[in-house]
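Spelled out from the first residue to the last, the chains are:
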Amino acid sequence: MFFNSIQYILFLPAVVILFYLTPLRFRWLLLLAASYYFYMCWKPEFIVVIVVSTLINYSSALLMSGTSVQKRKKLIMISTLVINLGLLVIFKYLGFIAEMFQTIFQSDHPSRISPALLLIAPIGISYYTLQSLSYIIDVYYGRRDAEKHPGIFALYVAFFPLILSGPIERSTHLLPQLREKERQKLHSVNIEEGIKLIIFGYFLKLVIADRTSIYVDAVFGNLPRHGGITFMAAIVLYSFQIYTDFAGYSAIAIGSARLMGFDVYQNFNRPYFSSSIREFWTRWHMSLSSWLRDYLFNPLAFSFMRIFRKERYLKIISPEFLTYAFAAFITFFICGIWHGARLTFMIWGSLHGIYLIIERAIDRKTGKRLLNIFITYIMVLFTWIFFRSDNVHDAFLIIRTIFTQPGKLYIPFDSDVVAPVYAVLGILILLLIEIKREFFDLKFSFTKNRNEYVRMITYGLLIFLILYLGVFDASQFMYFKF
Amino acid sequence: MEEQAIMTGLEKVFGEVFHDSVIQLKPDTIVSDVEGWDSFSHIRLVLAVERSFKIRFTTQEIQSWANVGDLCKTILTKTR
């Protein structure tokens, strides 16, 4: 059951109605049952992985809080991290590792990878693993107490709006909300805001992302046929496809949670209006970037700090910069791998790491915001070539073609021409909304207008656009596979 | 060292790291309250605090801070 399926359109209101009809003390049970049912609609057997992971993390946190011996606490924390990451590696990376070893050791005897190693990763495992890891680390550092209620903790791991692709929540933010009675009372503002977010999410996904994908897939599916100009158009469209696909998903997730009064982290904040790569990562996939900052970059940076500050011969480069450079590069390299076991993702992550280091070294500040926004967008665009390409060879073919064979712009024939036209129309509407929010104050707002007729007409128009321009084939969201 | 003296010392260090001479810290001051407090300046800040108070923090200590008050408490226990 995906967010853009008929089943979800029926499932969500049913859960929300039951939620408000159920006494407060039993709501966690309803939501947990609904979340497990939602997850099992995909592949029922993978619920076992979630339950096992939940039980391990729940017990480990209790064991940690029950001991005052620091060494023991550390041992429990490290073992739990290893188990969590082990599950992730087994399901997500084992095939890739086997393939890598095969390439290294038997390059002249191409044999098949054992199908047993090419497991299907349980959907959402990358997301709920990070959510569980943050809980274990927070309990270890004393940032929160271990959750004693197994049901509430299980709900924190499996909460249906977030289980498939986040936003990656934190135990310090979401867990307390699952207990707050006042928050879970029926408020019309939550229902209105939730519905608004869901409608906007569907607009992003069904009108822009799914329309854009038709052109992008046609170009990337037949690379040798196309020239540089077509590649440039496809990459620009892809930049909006990946943004609206994931931001659309996130808006539906946040809106679904909001219907029941829960406040979930924002995931996107008009990322293509960033003036630097540094800023981009505070506005793109924010729940992942802040997770990486707090649980990977910071511990790495403090470890490197211990090493580099002793190096007194480092006269030219400051220990602060060296620490930052190493920690940033490793963090973004891992960020690339997190998206999948592919060389193209590693290059994508590494490029962002390198960008951040260069940006810090030259301290780019021209003062011209629009120029900085443009430069940043072009830099991000370049990295999307690697992110979208099936392999490194294809990515370099695209880059080479852009510079050497411009060719003609590919325009699909007959009825196929409708898709990119609708996609561009959708992108223009989105850009208008974002330009208004980014550069002009919110004195006049269609969606937050005091006059309810203006609000209703705006959302009516958006629903009309979704129904008229949208694609209704319940295609998968792109970030499910990461 | 007294808590007030530590706060005054911290304000001086924050002022140098964030180029803001009138920075006013409270125990509940958090990252988002100080302009320019990002990942890089956090590294600079930790190193500058260590130099200024002539102490060394462990990773465990650094990771446990949620606000300036927590940082102050760690310095207090280390300078006693």
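Owing to the predicted nature of the structure, the values given are computational and were not obtained by experimental measurement.

> Would you take a moment to explain the overall build of chain A for this structure?
Tallying secondary structure elements over chain A gives 18 helices and zero strands in all. Against the compact-globule benchmark of 23 Å for 482 residues, chain A has a radius of gyration of 24 Å, which places it among compact chains. Principal axes of the C-alpha set define a box for chain A whose edges measure 70 × 70 × 55 Å. Burial analysis of chain A (482 residues in total) assigns 55% to the buried set. Once local pairs closer than 6 in sequence are excluded, the contacts in chain A between residues at least 24 apart make up 76%. In the form shown here, chain A has an accessible surface area of approximately 22,700 Å², with 68% of it arising from carbon and sulfur atoms. If the 47 positive side-chain charges of chain A are averaged to one point and the 30 negative ones to another, these points end up 7 Å apart.

> I tried to follow the packing of helix H1 (residues 6–21) of chain A against helix H10 (residues 228–259) of chain A on my own but got confused; where do I start?
Each pair of packed helices gets described by two things: the angle between the helix axes and the distance between those axes. Residues and elements named next belong to chain A. In contact at an axis separation of 10 Å, H1 and H10 are set at 25 degrees when each is read in the N-to-C sense. With respect to H10, the axis of H1 lies roughly parallel. Of the residues in H10, those touching H1 at Tyr 8, Leu 12, Val 16 and Tyr 20 are Ile 252, Ser 256 and Leu 259. In terms of residue class, the contact of H1 with H10 is made up of six nonpolar, one polar and no charged.

> It is not clear to me how the side chain of A:Ser256 should be interpreted in this structure. Could you clarify?
Among the structural elements, A:Ser256 can be located in helix H10. Discounting chain neighbours no more than four positions away, the residues touching A:Ser256 are A:Tyr8, A:Leu12, A:Pro161 and A:Ile198.

> Looking at this structure, how should I read the interface of chain B and chain A?
A common measure of how large an interface is: the accessible area buried when the components associate. Each side of the interface is counted separately: chain B has 18 residues, and chain A has 20 residues. When the two sides are added together, the surface that chain B and chain A hide from each other amounts to roughly 1,800 Å², 59% of it contributed by carbon and sulfur. The tally of links from chain B across to chain A stands at three salt bridges. The closest approach of N and O atoms between A:Arg360 and B:Asp38, which form a salt bridge, is 3.2 Å. Viewed at the interface, chain A and chain B are joined by five residue pairs in polar contact (both at pLDDT 80 or more). Listing elements by their share of the side of chain B that touches chain A, those giving two or more residues are helix H2 (39–53) and helix H3 (59–64) of chain B. Counting residues per element, the side of chain B that touches chain A draws most heavily on H2(B), at nine residues. Considering only residue class, the side of chain B that touches chain A consists of six nonpolar, seven polar and five charged.

Procedures and definitions
Residues numbered from 1 in each chain as written. Chains lettered and ligands numbered in written order. Predicted model: local features only at pLDDT ≥ 70, side-chain atom pairs only at ≥ 80, totals over all residues. Heavy atoms only, no water. Helix = DSSP H or I, 4+ residues; strand = E, 2+ residues; numbered from the N terminus. Rg over C-alpha atoms; globule rule 2.2 N^0.38 Å. Buried < 20%, exposed > 50% of the residue type's maximum accessible area, 1.4 Å probe, protein only. Contact = heavy atoms within 4.5 Å. Areas by Shrake-Rupley, 256 points an atom, 1.4 Å probe, with all protein chains shown as cover. Lys, Arg positive; Asp, Glu negative; His and termini not counted. Charge placed at Lys NZ, Arg CZ, Asp CG, Glu CD. Axes fitted to C-alpha atoms, helices over the stretch in contact; angles between N-to-C directions. Parallel < 35°, antiparallel > 145°, perpendicular 65-115°, else oblique. Nonpolar A, V, L, I, M, F, W, Y, C, P; charged D, E, K, R; others polar. Buried area = accessible area lost by both parts, 1.4 Å probe. Salt bridge = Lys/Arg side-chain N within 4 Å of Asp/Glu carboxyl O. Polar contact = N/O pair within 3.5 Å; in protein donor to acceptor, adjacent residues only side chain to side chain.

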